[in-house]
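# Breakdown of the fold
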Amino acid sequence: MNVRRLRHDCQWTQEELGERAGLSARYVGAVERGDVSASVTVLGRIADALGVEPGVLLRNGSPAP
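Owing to the predicted nature of the structure, the values given are computational and were not obtained by experimental measurement.

Quick notes on the rules
Residues numbered from 1 in each chain as written. Predicted model: local features only at pLDDT ≥ 70, side-chain atom pairs only at ≥ 80, totals over all residues. Heavy atoms only, no water. Salt bridge = Lys/Arg side-chain N within 4 Å of Asp/Glu carboxyl O. Helix = DSSP H or I, 4+ residues; strand = E, 2+ residues; numbered from the N terminus. Buried < 20%, exposed > 50% of the residue type's maximum accessible area, 1.4 Å probe, protein only.

## Notes on the pattern of salt bridges
All chains considered together, the criterion is met by four salt bridges. Between Arg4 and Glu32 there is a salt bridge, with the nearest N and O atoms lying 3.3 Å from each other. In this pair, Arg4 is assigned in helix H1 (residues 3-9) and Glu32 in helix H3 (residues 25-33), connecting sequence segments 28 residues apart. Of the charged contacts, one joins Asp35 and Arg33 as a salt bridge, the two residues approaching to 2.8 Å between their closest N and O atoms. You can call Asp35 exposed: its relative accessible area is 53%.

Everything listed here is a matter of coordinates, which is why it stays silent on function.
Here it is, written out as structure tokens:
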């Protein structure tokens with residue numbers, strides 16, 4: 001999943017992404033590590049916070065601009 005890379009591109013901490021997506025930093029970290037299977041709703045919230053389409057989070061490689 002591309003969450004960590006996209007978060008780093010924004011120069012945000014897990015805490016900042018969590019605040020913007022309405023999630024805890026601990027949960028953001030678990031999503032990034034693949035420790036949890038995030039729901040479609042959660043992926044949508046993360047995508048909105050990062051300003052990308054939800055499918056970008058699931059693609060292999062770099063997201064399209």
